[in-house]
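Overview (structure and organization)
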Amino acid sequence: MTDSIPLQPVRRQKRHDSKNRNGCCPWSSCCGMGDFRPRTVWLGHPEKREQRYPKNVINNQKYNFFTFLPGVLFNQFKYFFNLYFLLLACSQFVEELRLGALHTYWVPLGLVLFITITREAIEEIRCYLRDKEVNSQVYSKLSKRGTVKVKSSGIQVGDLIIVEKNQRVPADMIFLRTSERNGSCFLRTDQLDGETDWKLRLPVACTQRLPTAADLLQIRSYVYAEEPNIDIHNFIGTFTRVGLFDLEVNCLTKILFGALVVVSLVMVALQHFAGRWYLQIFRFLLLFSHIVPISLRVNLDMGKMVFSWMIKKDSKIPGTVVRASTIPEQLGRISYLLTDKTGTLTQNEMVFRRLHLGTVAYGMDSMDEVQSHVFSAYTQPTHDLPASRAPAATKVRKTISSRVHEAVKAIALVHNVTPVYEANGVTDQAEAEQHYEDTCRVYQASSPDEVSLVQWTESVGLTLVGRDQSSMQLRTPTGQILSFTILQIFPFTYESKRMGIIVRDESTGEITFYMKGADVVMAGIVQYNDWLEEECGNMAREGLRVLVVSKKSLTEEQYQDFEARYVQAKLSVHDRSLKVATVIESLEMEMELLCLTGVEDQLQADVRPTLEILRNAGIRVWMLTGDKLETATCTAKNAHLITRNQDIHIFRQVTTRGEAHLELNAFRRKHDCALVISGDSLEVCLKYYEYEFMELACQCPAVVCCRCTPTQKAQIVRLLQERTGKLTCAVGDGGNDVSMIQEADCGVGVEGKEGKQASLAADFSVTQFKHLGRLLMVHGRNSYKRSAALSQFVIHRSLCISTMQAVFSSVFYFASVPLYQGFLIIGYSTIYTMFPVFSLVLDKDVKSEVAMLYPELYKDLLKGRPLSFKTFLIWVLISIYQGSIIMYGAMLLFESEFVHIVAISFTSLILTELLMVALTVQTWHWLMIVGELLSLACYIASLVFLHEFIDVYFITTVSFLWKVTAITLVSCLPLYILKYLRRRFSPPSYSKLTS
């Protein structure tokens, strides 16, 4: 996978003085390295570096052996004082200017220079010794030979260095793995910024999961790093690893290498280890080296590029971006999909649904009543009838009206929304802003929740028409403009879960503190009431996101006292954040509860059919969200993540080990039910019963984790990978989803209203959640099946010619003589067979519409059947059969000259490979036909130039043609018959859909 993340490097101290020193880190541009450029660094392979980098040495010397004397003299005589005496001494060589003996001038000057040169020499020697001590520090380096010792100066770009406890970091480094089980490491940056406190650093997720440090050398991965800069606190780079498929192919190549060694030993053993048998072993190793196909890696990488290009060009999922082109086939083997809720399953476009005042609630069908109350609040005269003469109904009506008005007014003020006026071609922008033109106004805010609330207040008569940093303007239903001065504003944070604002009404001078926030924090801030908790639960069960709105009136003296303490806290040098929070909290007490607001986040288009496709494909979907339990559960039901006929087990709140034990036992007694659990309970379960909980949760058809933190999301992904060994895919749209996306085997970012953090950090970026179905069912499935077919066919191609070589050597007394030489062996794996074999990346078993209609086809891939030891063994047997038939047939049918064996066997081999490609293809593409014909044409045309290896006159005879035809038929016809019988009596699942 690719961790497209802000990789936090471990840096060592840089030189910031003006002295002429070589940089101490590999980023240096000295030694003629040219301009700073980004770089790609392969892990554990310094030889793959794309340019020459300076050595990793600290050099604090000002001079070297050749520049010492000229440099010291130049530095001395560049000052006028010394230059003056030099000129004075030189003047004594002129007879007319000499005033006395030469030594009277040159001896003092020489003595000064001698002392200076000696002093500089001593300093240079000391500096050299200090540098040598640092550069000679020994570190452990991971290599193919195991752990070796290397000096600091011998470290190269791309080396894997083990830094022990209390050991200095020798160079700029990327943190890949730690021996700590929790994956955390603390280090000091005192050599960078002088700070001696310990700072937490986390390794790259996918390398931390490796069993041992030595496994870093087994994966094929690289780091793309930004160009060097002077910012020591930030570093942007991407880490790219080879996926599970590549690891499986790597395992198969190890088996092939083992076969190579065994065959070589057998050949020598059959010679009874005669003569210099050890040299014969190496000759056979070279002779049969084609058993391990050198072109396998190239073909797979090129195939992945094609798969990525197909994803980008798919018109049915427009805007999809592939940021990790090395793992598209992993999309075809996803077992668990973990998704965020807001902005991923939902549109993150909030619609106001409910206003609750405790004694009365207003829904969408009664918003006209709210509008009437707001209108009456600004149209009724201030001199009402005396209370004793007013009817009871009038008093109740006035009370409700004032409460509604106060609630709407609070909602219209407590936010960070700014109205922006845009010119529409008719109205000038400045004029539109001056007259508050409704048609030109748009609302801008960081949260769609706030925009929906302000749009609702506009719909009921109280409109936000103006705002700057210090003031806000509201327009009443009568057209009156109300002006408010913004005294203080306390923005929303994920930690506080609330935001507040202090305003002064310009018409009355009243100062009011308004606050809104989540019920879990506001319950302890507002005055005691008996309806807040119950109604919040009711609204959450309807799928509404609930906000609690409150206010507190302040006198001028109260505000001045608060402002003085607030300013003093903000000026504090130590513990500023804590002191500021303490001052604000002193204001957040006994606030008047005004209302509850309920907004609904609409589901994304086609979320329900997409989740149904994933479920039918055998993919278990987990929803991880920070919302309330009731809201998350309602959304899961609404999106059909939890089907109507499924039971739901809501894991009750647990805080102790005993409670967790009892609840897990209760959960164990239920079968085939969806699980809903909060983040706090999840943390307790994972602390005491990690294995038991994950074992039960992995069996659930759906899991909903609410009140999840970003850290918990990443932890869940990691536990799923460790406990099940299955591939995971994480989907999200916000910055709080980045850790989850990076932890997963495949990360998918949805470009939404929360920015592009998730999409930039992901392996794949989509514009809508519904595109995920086609990304997995079509492109993931095709990429995996095509990669499997391509890799196995490349292996077959190499094994086939290796089998022929083995037969040839065994017949000719186990001689280590190559069967094919020169261009024949090169052309076999390139122009003669490359195009048809690579055209397998265009093959597909079913149409994309069928794959979407029958997602059950995806289930077959989860077991890894397209590439398994069984299929590998089948292809090995096919290769041995065909190679043996071709070689024995050629030797049986050749007449007189050895060159005829080469002509017959090689031509039969080429034709067999072309026919085997045709046998493997399931859906023909016109480029496949072109590849087949082009390869055959290239071989026929090249025969004219291959007279050194092939008898040109012999290949034009009828004898050659019938022998090649007979051998090719014997090698291929049985396989065609077997394929027909298999499709007739035991057809694969997809064949039933294509017939």
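The protein chain appears in an unreviewed UniProt entry as Phospholipid-transporting ATPase from Xiphophorus maculatus. Turning to the protein chain, the UniProt record has this under Cofactor (unreviewed entry): "Mg(2+)".

Quick notes on the sheet that holds strand E4 (residues 138-143)
Pairing is antiparallel across the open sheet formed by 3 strands, whose spatial order is E5-E4-E6. Edge strands, defined here as strands with exactly one partner in the open sheet, are strand E5 (146-151) and strand E6 (160-162). Averaged over all adjacent pairs, the angle separating strand axes in this sheet is 45°, with direction ignored. Inspection of the sheet shows E4 paired to E6 by 3 bridges, in the antiparallel sense. Paired with Ser140 across the two strands is Ile162, which belongs to E6.

Some thoughts on the environment of Glu612
You can see Glu612 is positioned in helix H17 (residues 607-616). In sequence terms Glu612 and Ala639 are 27 residues apart; their C-alpha atoms lie 9.5 Å from each other.

Here's the deal with the pattern of salt bridges
For the structure on display, the rule yields 25 salt bridges. Note that Glu556 is salt-bridged to Arg504, the shortest N-O span being 3.1 Å. Here the residue Glu556 occupies a position in helix H15 (residues 556-570), and Arg504 occupies one in strand E21 (residues 498-505), the gap between them amounting to 52 residues. Classification of Glu556 as partly exposed rests on a relative accessible area of 32%.

A closer look at helix H9 (residues 367-379)
For H9, spanning 13 residues, the distance from its first C-alpha to its last is 19 Å, which sits close to the expected 18 Å at 1.5 Å a residue. Of the positions making up H9, those classed as buried are Met367, Val370, His373, Val374, Ser376 and Tyr378.

Concerning the packing of aromatic side chains
Scanning the model with the defined rule gives 23 aromatic pairs in all. When the ring of Phe273 is compared with that of Trp277, the centres are 5.3 Å apart and the planes differ by 85°; the resulting orientation is edge-to-face. Look at Phe273 and you get partly exposed, because its relative accessible area is 39%. Pairing Phe793 with Trp875 gives two aromatic rings, centres 5.6 Å apart and planes at 70°, and the pair type is edge-to-face. In this pair, Phe793 is assigned in helix H25 (residues 771-811) and Trp875 in helix H30 (residues 869-893), connecting sequence segments 82 residues apart. You'll find Phe793 and Trp875 in the same group, each marked buried. Of the aromatic side chains, those joined through ring pairs into one cluster are Tyr820, Phe823, Tyr828, Tyr832, Phe906 and Tyr939. Across the ring face of Phe985, the terminal group of Arg984 is positioned such that the distance to the ring centre comes to 6.0 Å.

As for helix H18 (residues 629-638)
Where burial is concerned, most of H18 is hidden: 7 out of the 10 residues are buried. His640 occupies a position one or two residues after H18 and carries a positive phi of about 65°.

Brief notes about a nonpolar patch on the surface
A grouping of Leu915, Leu969, Leu973, Tyr976, Ile977, Leu978, Tyr980, Leu981 and Phe985 is seen on the molecular surface, where their side chains present a nonpolar patch of about 890 Å² in accessible area. Among the secondary structure elements, Leu915 is positioned in helix H31 (residues 898-920). Looking at Leu915, the relative accessible area reads 35%, which means it is partly exposed.

Let's talk about the side chain of Thr625
Structurally, the position occupied by Thr625 is in the loop between strand E25 (620-624) and H18. Aside from chain neighbours lying at most four places away, what touches Thr625 is Asp340, Lys341, Ala632, Cys705, Cys706, Arg707, Cys708 and Lys713.

As for the UniProt feature "binding site: Mg(2+)" (unreviewed entry) in the protein chain
In this structure's numbering, the residues bearing the UniProt feature "binding site: Mg(2+)" (unreviewed entry) are Asp340, Thr342, Asp733 and Asp737. These annotated residues cover 398 residues of sequence, and their C-alpha atoms all fall within 10.7 Å of one another, placing them together at a single site. Locating Thr342 in the fold gives a position in the loop between strand E13 (334-339) and strand E14 (346-356). Along the polypeptide, Asp733 turns up in the loop between strand E29 (727-732) and helix H23 (738-743). The exposure class assigned to Asp733 is buried, which follows from its relative accessible area of 0%. Engagement of the side chain of Asp733 in a polar contact is seen with the side chain of Thr344, the distance being 3.4 Å.

A few points about the side chain of Asp745
Tracing the backbone through its elements, the reader meets Asp745 in the loop between H23 and strand E30 (746-750). Look at Asp745 and you get buried, because its relative accessible area is 13%. Of note is the side chain of Asp745, whose polar atom sits 3.2 Å from the side chain of Gln721. Among the polar contacts listed, one links the side chain of Asp745 to the backbone nitrogen of Thr728, at a separation of 2.9 Å.

So, the confidence of the model for the protein chain
Interpretation of the predicted coordinates at a detailed level should be avoided for regions scoring low in pLDDT. Predicted confidence across the protein chain gives a mean pLDDT of 82, with 89% of residues reaching 70 or more. Confidence drops under pLDDT 50 across residues 1-34; counting only partners more than four residues distant or on other chains, this segment forms 124 contacts. With pLDDT under 50 throughout, residues 382-398 is counted as low confidence; its partners more than four residues away or in other chains account for 3 contacts.

Considerations on the nonpolar core
By size, the foremost hydrophobic cluster in this structure holds 86 residues, and its most contacted members are Leu337, Leu611, Leu614, Ile619, Leu772, Leu775 and Leu776. Structurally, this core is a two-domain feature, drawing no fewer than three residues from each of domain 3 (295-316 + 777-992) and domain 4 (331-345 + 604-766).

Things to note about the sheet that holds strand E18 (residues 463-467)
Hydrogen bonds between backbone atoms are what pair the strands of a sheet, whose relative direction is either parallel or antiparallel. Overall, antiparallel pairing links the 9 strands, which are arranged E15-E14-E24-E23-E22-E21-E20-E19-E18 in an open sheet. Single-partner strands in this sheet number two, and they are strand E15 (361-362) and E18. Relative to E15, E14 is paired through 2 bridges, and the arrangement is antiparallel. Looking at E15, one finds that His356 is bridged to Ala361. Its contacts with the sheet place H15 against strand E20 (481-490), E21, strand E22 (511-517) and strand E23 (545-554), and it is angled at close to 40° to E20.

Section: the packing of H25 against H31
For the pair H25 and H31, the least separation of the axes is 11 Å and the interaxial angle reads 155°. In terms of orientation, H25 lies roughly antiparallel with respect to H31. Here H25 and H31 pass one another in a crossing that is right-handed. Every residue of H31 that contacts H25 at Phe793, His796, Arg797, Cys800, Ile801, Met804 and Phe808 is listed here: Phe898, Ser905, Leu909, Glu913, Met916, Val917 and Thr920. Residues that form the contact of H25 with H31 fall into these classes: 9 nonpolar, 3 polar and 2 charged.

Parameters and conventions
- Starting afresh in each chain, residues are numbered from 1 along the sequence in its written order.
- With the structure being a predicted model, the display of local features is reserved for residues of pLDDT at least 70 and the display and counting of side-chain atom pairs for 80 or more, all residues being used for whole-chain, interface and lining totals.
- To get the side-chain values, take all heavy atoms of the structure and skip hydrogens and water.
- UniProt positions are given in the numbering used here, feature names are shortened, and annotations may be inferred rather than shown by experiment.
- Strand pairing follows a simple DSSP-based rule, namely that at least 2 bridges must link the two strands.
- Numbering of helices and strands starts at the N terminus; helices are DSSP runs of H or I of at least 4 residues and strands are runs of E of at least 2.
- Orientation is described by axes fitted as lines to C-alpha atoms, over the contacting stretch for helices, and by angles from 0 to 180 degrees between their N-to-C directions.
- We define a salt bridge as a contact between a side-chain nitrogen of Lys or Arg and a carboxyl oxygen of Asp or Glu at a distance within 4 Å.
- We call a residue buried when its accessible area falls under 20% of the maximum for its residue type, exposed when it is over 50%, and partly exposed in between, using a 1.4 Å probe and counting protein chains only.
- Take the residue count of a helix, subtract one, and multiply by 1.5 Å to get its expected span.
- Aromatic rings from Phe, Tyr and Trp, taking only the six-membered ring of Trp, are treated as a pair when their centres fall within 6.5 Å; an angle between ring planes under 30 degrees marks them as stacked, one over 60 as edge-to-face, and anything in between as tilted.
- Two conditions define a charge sitting above a ring: the NZ of Lys or the CZ of Arg must be within 6 Å of the ring centre, and it must be within 35 degrees of the ring normal.
- To count toward a patch, a residue needs a relative accessible area over 30% and no salt bridge; like charges are then connected within 9 Å, while nonpolar side chains (Val, Leu, Ile, Met, Phe, Trp, Tyr) are connected within 5 Å.
- Using the Shrake-Rupley algorithm and a 1.4 Å probe, accessible areas are obtained, with residue cover drawn only from the displayed protein chains.
- We call two residues contacting when some pair of their heavy atoms lies within 4.5 Å.
- As used in this structure description, the phrase polar contact means that two N or O atoms lie within 3.5 Å; if the pair is within protein, one of them must be able to donate a hydrogen and the other to accept it, and residues adjacent in sequence are counted only when both atoms belong to side chains.
- The quantity known as pLDDT measures the predictor's confidence residue by residue, on a range of 0 to 100.
- We define a nonpolar core as any set of buried Ala, Val, Leu, Ile, Met, Phe, Trp, Tyr and Cys residues linked to one another through side-chain atoms lying within 4.5 Å.
- Where a domain begins and ends is set by an automatic assignment or by a domain database.
- Here is the rule for angles: anything less than 35 degrees is roughly parallel, anything more than 145 is roughly antiparallel, 65 through 115 is roughly perpendicular, and the remaining ranges are oblique.
- Less than a right angle of anticlockwise turn of the near helix away from the far helix marks a crossing as left-handed, whereas a clockwise turn marks it as right-handed.
- Residues are grouped as follows: nonpolar covers Ala, Val, Leu, Ile, Met, Phe, Trp, Tyr, Cys and Pro; charged covers Asp, Glu, Lys and Arg; every other residue, Gly included, is treated as polar.

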